[in-house]
Every structure is written in C-alpha cells, then in structure tokens.
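# Coordinates in review
Okay, here's what each chain looks like letter by letter:
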Amino acid sequence: MSHTKLYLNMKKLALLFGLFFSLFLMAQKKYVVVIHGGAGTIIREKMSPELEEEYLEKLTEALQKAYTEIKNGKTSVEAVEAAIVVMEDSPLFNAGKGAVFTHDGKNELDAAIMNGKDKKAGSIAGVHTIKNPIKAAIAVMEKSEHVMLSGNGAEQFAKLQGLEIVNPKYFWTENRWKSLQKAKELEKLKNPKAEDSKPDYFIVDQKFGTVGCVALDQFGNLAAGTSTGGMTNKKYGRIGDAPIIGAGTYADENVGISATGWGEFFIRSTAARTIAAKIQYLNKDVKTAAEETIDEIEKMGGDGGLIALDKNGNFAMPFNTSGMYRGAITEDGEIEVEIYK
Ligand code: ASP
C-alpha cells in the first residue's frame, strides 16, 4: 500500500472514531441540577402514599425551578437559590419553614453557598428570623467581605440587604414540636454515663430533612448550597456541617457537593472538600470519590448522605441511611426523583 493510501485510510479511521466518540458522548446523559431533601431513617411502610407524593412533588418543583434558571442562561448560583427556596418554603423539609427545634424550643437555622467558578463562599449560622437562609448566605458571599456570619450579626446584615425577616413563630410546625418533646422524654430516660449512645435527637428524628442543591450552568460553572435547621434538641448554639465550607458544602471548578446527616461526622471528616480533593489530586471519578467519603464517615460511626455533581454532568448520591430524599434533572429536562435505597 502506498503512503498516500495508508494516510487516507488512517484519516478515514480517525474520522470514524471521532464520529463514534461524539455519538457516545451524546448518548451519555448530562445532569445539570441535583438536589437532596435530607437523609435518614425513611421507611416505606411508615410513609403514607399521600405524604410520599407530597415529597416527590416538592422535589420535582424544586428541580424544575432550578432548571428554568439554567435554561434561561442564569448562573449555577441562581439555580441553587431557586431550588433551595422552594424547599425552605415547604414545611416538609428541615430547612426554613420546616426547621427542627433546639433544646430551648427555638428554630436556629444554618445555610451556605459556594460558587465553583471563583471559589467564593458565604454562610450564616444560628439565625432565627431570616425567612430564606440560603438568600442570606448568598448575600454574605456577594455583598460582604466575609465568608461566615452568625446569630444577631447575620440577622442585622440580612435586614440591611433587604431580605425578608419574619417573626420566629413563622418556623413553628406541630410535627417538629412533637419531635422535640419526644427527644426530651428520651433524654430524661437516658443513662448519663452511657458513653457511645447516639444523641437522643437521632433516635427520634432520623428524618433529618436538610436540603441541598448542586447545579452546573451553561457556562460550565458549578455551585453548591445547603440549608438546614440542624438537629432536633441541639444545645448551646450548636452549629452543624451545612454552613461550614468544606464540610457540608463545597464547590470548585471540578465538582459541587452538598451533604446531609450527622453533621459532627461531616465536619470531622471535612467531607465535601475531601471529595473535591480526591477528584483534584487523585483523578478519581465523582462516584468513587463520593462513595469512599460516605464509607469513611460510616467507619467513624456517622451516617447521612450527600450529592456531588461534576463539571461533565456526572453525579453521585451515596447515603448509608435507609433513605434520602433526592432528585436530578438532565439538560433535556428529564427528571428523576427518589426516596428509598
Ligand atoms: N447535617 C445537618 C446538621 O448536622 C443535619 C441534617 O442533615 O439534617 O446540622
């Protein structure tokens, strides 16, 4: 075979390969928004079909809102905000309206946002009057020179930014109030010397219900956000993993992560940043990185779950509890929502 012929054949082969490769890529689904509504002991037999439907509908609504933002050319931060606001406004989730109670009978909210594009971040912790904590976290990121604000100061800042401030009573819901009473009853029965027993709020309120979202916009940028009421019966101004950048929330140019579960373990394992580091330094795929991190948390004695979305639209949703409210939407608008394992 002459050199010219060989060259032409090689060229044809390369073109063919290119074509197959593009078709392969087109066949791969690309996800643009992934959400969670908390992980915990969510048992099918204990859930009424009506309640299950309500959860699935709310998750779908949150995904659709975020997807509309992405389709309209908005940023991943705007998409995350849109999804989280839907869940914060619903009493179903432990965030915003449906937040759990502290030992003192208050609702103390935490939230965070991180923009993968420039690694800017904002978070708020321990607030009682901000209707949508995720909006306050975004305002901290965009309009302050700080990353994390807490308590009264955070509330003052939110007010100055023109965010909606509500009477703390807005967050009162009967279900969460009952959970607190149950937790307190159990606490009274507890042997104070029992060392490794789980905190009582874990025994009664395992449907944690924190909410989170990660989004990938048309410019290829990722963002992650998380919002929560924390854990039932929490004391002494306890702050969980959600507002801690690198623990419950993180985003960089490769991946966005939002976690839910027993916050203390996500803080101690720097869960979200660990996933990003596994991808950045060890070239791990998002699924492996996310699963390894949840396995590590399990080994430490913790539980929960997380969502992680990479820059190519691949995602993972590992959890080691019986369920996690979760969902994802592709760039074609195809929606998947699930609750159980
Ligand atoms: N991670 C949250 C916290 O520890 C709780 C949850 O996910 O429901 O504050």
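To start, this report covers the structure provided alongside it.

Each value, and the rule that gives it
Residues numbered from 1 in each chain as written. Predicted model: local features only at pLDDT ≥ 70, side-chain atom pairs only at ≥ 80, totals over all residues. Heavy atoms only, no water. Helix = DSSP H or I, 4+ residues; strand = E, 2+ residues; numbered from the N terminus. Contact = heavy atoms within 4.5 Å. Areas by Shrake-Rupley, 256 points an atom, 1.4 Å probe, with all protein chains shown as cover. Phe/Tyr/Trp six-rings, centres within 6.5 Å; stacked < 30°, edge-to-face > 60°. Buried < 20%, exposed > 50% of the residue type's maximum accessible area, 1.4 Å probe, protein only. Core = buried A, V, L, I, M, F, W, Y, C linked by side-chain atoms within 4.5 Å. Near = heavy atom within 4 Å. Polar contact = N/O pair within 3.5 Å; in protein donor to acceptor, adjacent residues only side chain to side chain. Nonpolar A, V, L, I, M, F, W, Y, C, P; charged D, E, K, R; others polar. 1 Å grid on protein atoms, 1.4 Å probe; cavity = no way out; pocket = protein on both sides within 12 Å on 5 of 7 lines; lining within 4 Å. Points joined across faces, edges and corners; volume = space filled by probe spheres on them.

The number of helices and strands found in the protein is ten helices and twelve strands. Of the contacts formed within the protein by residues at least 6 apart in sequence, a portion of 69% connects residues at least 24 apart. As presented, the protein carries roughly 16200 Å² of accessible surface, and 54% of it is formed by carbon and sulfur atoms.

Summed over the entire model, instances satisfying the criterion amount to eight aromatic pairs. Ring geometry for Tyr31 versus Phe315: centroids 4.5 Å apart, planes at 70 degrees, classification edge-to-face. Taken together, the residues span a long stretch of sequence, with Tyr31 in strand 1 (residues 31-40) and Phe315 in strand 10 (residues 315-316) at a distance of 284 residues. Judged by relative accessible area, Tyr31 falls into the buried class, the value being 9%. Joined through ring pairs, the aromatic side chains of Tyr55, Phe93 and Tyr325 make up one cluster.

Counting 53 residues, the largest nonpolar core has Val33, Ile35, Ile113, Ile124 and Ile339 as the members making the most contacts within it. Residues Ala39, Phe266, Ile275 and Phe319 belong to the second largest nonpolar core, which totals 38 residues.

With respect to spatial proximity, the complete set of residues near the ligand consists of Asn94, Phe208, Thr210, Gly230, Met231, Arg238, Gly240, Asp241, Thr260, Gly261 and Gly263. Between an oxygen atom of the ligand and a side-chain N or O atom of Thr210, the distance comes to 2.6 Å. One nitrogen or oxygen atom from the side chain of Thr260 is found 2.7 Å from an oxygen atom belonging to the ligand. In the complex, the protein chains occlude 100% of the 270 Å² of accessible area that the ligand would expose alone. The residue inventory of the shell around the ligand, partitioned by class, reads two nonpolar, seven polar and two charged.

In this section: empty space enclosed by the protein. Under the definition given, this model contains two cavities of 30 Å³ or more. Looking at the largest cavity, its volume works out to about 100 Å³. Lining the largest cavity we find 15 residues, and of these Thr210, Thr228, Gly230, Asp241 and Gly261 sit closest to its centre. Its residues assigned to classes, the lining of the largest cavity shows five nonpolar, seven polar and three charged.

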